[in-house]
Each structure stands twice: as C-alpha cells, then as structure tokens.
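# What the coordinates show
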Amino acid sequence: MMAVVSATSNGLVENTTETKENKKGWLSKRTHFTYLWKPAWFEVTETKLLYGENEEGPRKTINLIGAEVEVSEGDGAFGWTITPKDSRRTFFLRASSEAEQQGWMLAICEAQLNSREHASNACVVQ
C-alpha cells in the first residue's frame, strides 16, 4: 500500500491511498445543480466508482461498465468526465496534478477492463 499526500490550489490537503485492488482519495467534483467544485472522497471498487462527503459517509455510485471517460482539455485543471452507459448525466472530476489525474484514469480503466461485461473499446488512457 502506498500513501500520497499533496496540497491542492484551494489549500486542501489530499491523502490518497492506493492498493492493487482499488484506489481511494480526495478529488474535486462539480455539483450537479450549482456547478460549484466541492471536495469528495472517491474509491474505485471492482466496476464502480463510489463517492461521498467523507471516507465513512454514505456512498453514491457511478457504474463504470461501458462508461465514457474523457480528459477535459485546455483548462489546465487536471479534469476529466465520466458519462455512465445509458445515462444522460456526466460527472465532472478534477485532480490536483497531472500524475494524480493519470493514476485515477488508469484505475478507472483497469476497473472497466477487469469487468466481464466491458466493451472492447471501454477506455483509452493517454
């Protein structure tokens, strides 16, 4: 297990814990109705991305099977989007660095590829 601590531009300290099975840590998530960026705790488990207000809190789920994952280019914010299959909602996420962004996208891609139900073009990590 590897622990990484980093500071974000908004002053938050991020603790990210990684194991071979899953990735956990703080990311910024754009809220659905107000479009404000708020910190949220995320965890990749099997074929889902779980998130909530803290490590122990209630979790919401993003199904990664067949989801479209795309890098947000041009804003310099280390962001990406996830649009679950058969959903009109797109989730907007941000990491505090390019390396952290790539780590999360790789973990999401691996979760998609490890699924028995993944499409052959499930993900592309740049």
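Residues numbered from 1 in each chain as written. Predicted model: local features only at pLDDT ≥ 70, side-chain atom pairs only at ≥ 80, totals over all residues. Heavy atoms only, no water.

Glancing now at the overall build of the chain. A count of helical and extended segments in the chain gives one helix and nine strands. Tracing the chain from N to C terminus, the helices and strands come up as β-β-β-β-β-β-β-β-β-α. With 126 residues in all, the chain has 38% of them scored as buried. Considering only residue pairs separated by 6 or more positions, the chain has 31% of its internal contacts joining residues 24 or more positions apart. (Helix = DSSP H or I, 4+ residues; strand = E, 2+ residues; numbered from the N terminus. Buried < 20%, exposed > 50% of the residue type's maximum accessible area, 1.4 Å probe, protein only. Contact = heavy atoms within 4.5 Å.)

Turning to the nonpolar core, a few remarks are in order. Residues Phe-42, Val-44, Leu-49, Leu-64, Trp-80, Ile-82 and Ile-108 are the most contacted members of the largest nonpolar core, which totals 20 residues. Taken together, the elements giving at least two residues each to this core come down to β4 (37-45), β5 (48-52), β8 (79-83), β9 (91-94) and α1 (98-114). Broken down by element, the residue count for this core peaks at five residues, all from α1. (Core = buried A, V, L, I, M, F, W, Y, C linked by side-chain atoms within 4.5 Å.)

One side chain can pair with another of opposite charge once the charged atoms of both are near each other. Taken as a whole, this structure holds one salt bridge when the rule is applied. Across the pair Arg-59 and Glu-43 runs a salt bridge, and its minimum N-O distance is 3.1 Å. Taken together, the residues Arg-59 in the loop between β5 and β6 (60-63) and Glu-43 in strand β4 connect sequence positions 16 residues apart. Glu-43 sits in the buried class, given a relative accessible area of 11%. (Salt bridge = Lys/Arg side-chain N within 4 Å of Asp/Glu carboxyl O.)

Positive phi, close to 60°, is recorded for Tyr-35, a residue that is not glycine. Structurally, Tyr-35 is set in the loop between β3 (23-30) and β4. Not every positive phi belongs to a glycine, and Asp-86 is a case in point at roughly 60°. By the element assignment, Asp-86 lies in the loop between β8 and β9. Judged by relative accessible area, Asp-86 falls into the exposed class, the value being 77%.

For the rest of this paragraph, the subject is the side chain of Gln-101. Summarising the element assignment, Gln-101 is placed in helix α1. Using a relative accessible area of 5% as the deciding quantity, one classes Gln-101 as buried. With sequence-adjacent residues up to four places away left out, Gln-101 is seen in contact with Val-71, Phe-78, Gly-79, Trp-80 and Ala-95.

All told, the structure shown has four aromatic pairs when counted by the stated rule. Between Trp-26 and Trp-41, the aromatic rings sit 5.5 Å apart at their centres with planes inclined by 75°, giving edge-to-face as the arrangement. Separated by 15 residues along the polypeptide, Trp-26 in strand β3 and Trp-41 in strand β4 bring together distant segments of the chain. Residue Trp-41 is classed as buried on the basis of its relative accessible area of 4%. Taking the centre distance of 6.1 Å and the plane angle of 65° together, the rings of Tyr-51 and Phe-91 count as edge-to-face. (Phe/Tyr/Trp six-rings, centres within 6.5 Å; stacked < 30°, edge-to-face > 60°.)

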